[in-house]
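Now for the letters of each chain:
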Amino acid sequence: MTAVAERPVAVEAPKARTVEVKIRRYNPEISDEVRWVTYRVEAYPTDRVLNLLTKIKDEQDGTLTFRRSCAHGVCGSDAMRINGVNRLACKVLMKDMPAKLTIEPIKGLPVEKDLVVDMEPFFEAYRAVKPFLITGGNPPTKEWLQSQADRDRYDDTTKCILCAACTTSCPVFWTDGSYFGPAAIVNAHRFIFDSRDQGAEERLEILNDREGVWRCRTTFNCTEACPRGIEITKAIKEVKQALLFRRV
């Protein structure tokens, strides 16, 4: 019996649409005034917002300034406010977005130019919580082993890529530049609950400061903004509990 080949089903190619992209522009070398500029650009459903920004810079306005690196949601460098929500531009598909976009820099950090902010205050808070393994005594003679349960205890907070989307979505951080912010607390959590680490008490004392973990108002903005899906509010709660009971 001769087999009959099935005809391939024709797949319709995705169609482009014209999208209006309104971008907050600021160049201190020219003026201290902020202005909004709207660009019209063709976008396919499979395009990311980062693709649109690149098209605008390459084809319409070479002065547009923004950060990007890997373009795959790993480096965290292209965090920005897209339609009022902190997102990574490289992870937002245009099929999920309306035909009008408003793009501005993340809030709470000094704007250097257009969508680029000064990240130093953010990293200063990150460094302050000692985000590294602290041990004492003699150097180990072999690899430190850890049970799967011990590793699972802090697995979620190892996912942070330091994009600052969580910290700059926090209303407390917007109004109080001294607050450590969610990202710093998340990275402290990662080591506080690591069974190999001996610096938990030191970090807890740092976060017990009036600008530390107690400034959190549990608005859940940070958890909703995290592009890695970290349960940030839960991690902050666990650090608060560790401070209350001094038991980790």
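Structure's up top.
Below or above, wherever it landed, is the structure these notes cover. All of these numbers come straight from a predicted model, not from anything done at the bench. Every residue gets a number counted from 1 within its own chain, in the order that chain's sequence is written. Where totals are concerned, whole chains, interfaces and linings use all residues; where local detail is concerned, this predicted model gives features only for residues with pLDDT of at least 70, and gives and counts side-chain atom pairs only at 80 or more. As a rule here, side-chain values cover all heavy atoms of the structure and leave hydrogens and water aside.

Quick notes on the overall build of the protein
Next, step 1: Here a helix means four or more residues in a row that DSSP labels H or I, a strand means two or more in a row labelled E, and each is numbered from the N terminus. Looking only at helices and strands, the protein features eight helices and seven strands.
Next, step 2: Rg of the C-alpha trace for the protein: 22 Å, well past the compact-globule value of 18 Å for 248 residues, more than 25% over.
Next, step 3: Referenced to the eigenvectors of the C-alpha coordinate spread, the extents of the protein come out at roughly 75 × 65 × 35 Å.
Next, step 4: Working definition: with a 1.4 Å probe on protein chains only, accessible area under 20% of the residue-type maximum means buried, over 50% means exposed, and in between means partly exposed. Across the 248 residues of the protein, 43% fall into the buried class.
Next, step 5: By definition, residues are in contact when any of their heavy atoms lie within 4.5 Å. Of the contacts formed within the protein by residues at least 6 apart in sequence, a portion of 64% connects residues at least 24 apart. In this description the radius of gyration comes from C-alpha coordinates, and the expected globular size is given by 2.2 Å times residues to the power 0.38.

Here's the deal with the sheet that holds strand β5 (residues 100–104)
Next, step 1: Overall, mixed pairing links the five strands, which are arranged β2-β1-β5-β3-β4 in an open sheet. Two strands close off the open sheet at either side, each with one partner strand: β2 (35–43) and β4 (85–88). Sheet twist, expressed as the average angle between the axes of neighbouring strands with direction ignored, equals 35°.
Next, step 2: When DSSP finds two or more bridges between a pair of strands, those strands are recorded as paired. In this structure, strand β3 (residues 79–82) lies alongside β4, joined through four bridges in antiparallel fashion. Each bridged residue has a counterpart across the sheet, and for Met80 the counterpart in β4 is Arg87.
Next, step 3: Every axis in this analysis is a line fitted to C-alpha atoms, fitted for helices over the stretch in contact. Angles between the N-to-C directions lie between 0 and 180 degrees. Across the sheet, helix α1 (residues 49–59) touches β1 (17–25), β2, β3 and β5, and the angle it forms with β2 is around 105°.

Some remarks on the packing of helix α5 (residues 182–192) against helix α6 (residues 200–207)
Next, step 1: Following both chains from N to C, one finds α5 and α6 inclined at 155°, their axes separated by 9 Å at the closest point. By the angle class used here, α5 and α6 are roughly antiparallel. In this structure, the crossing between α5 and α6 has a hand that is left-handed. Contacts between α5 and α6 involve Ile185, Ala188, Phe191 and Ile192 from the former and Ala200, Arg203, Leu204 and Leu207 from the latter. To sort the angles, those under 35 degrees are grouped as roughly parallel, those over 145 as roughly antiparallel, those from 65 to 115 as roughly perpendicular, and the leftovers as oblique. By definition, turning the near helix anticlockwise from the far helix through less than a right angle yields a left-handed crossing, and turning it clockwise yields a right-handed one.

Some points on the packing of aromatic side chains
Next, step 1: Two aromatic rings from Phe, Tyr or Trp, using only the six-membered ring of Trp, form a pair when their centres are within 6.5 Å; if the ring planes differ by under 30 degrees the pair is stacked, by over 60 it is edge-to-face, and anything between is tilted. Counted under the stated rule, the structure contains two aromatic pairs.
Next, step 2: Note on Phe122 and Phe123: the rings are 5.2 Å apart at their centroids and 75° apart in plane angle, and the pair reads as edge-to-face.
Next, step 3: By relative accessible area, which is 26% here, Phe123 ends up partly exposed.
Next, step 4: Ring geometry for Phe123 versus Tyr126: centroids 6.4 Å apart, planes at 80°, classification edge-to-face. Of this pair, Phe123 and Tyr126 both sit in helix α2 (residues 120–128), separated by three residues, roughly a single helical turn.

Quick notes on α2
Each α-helix winds once per 3.6 residues, and so residues spaced three or four apart point in a common direction.
Next, step 1: Looking at α2, one finds that the buried residues are Phe122, Ala125 and Tyr126. For α2, the angular spread of the buried residues around the axis is 105°, confining them to a single face.
Next, step 2: Structurally, α2 contributes buried residues whose contacts are with α5.
Next, step 3: Just downstream of α2, Lys130 is the residue with a positive phi angle, here 55°. Our arc is simply the arc of the directions from the helix axis toward the C-beta atoms.

Taken by themselves, the reported measurements are silent on function.
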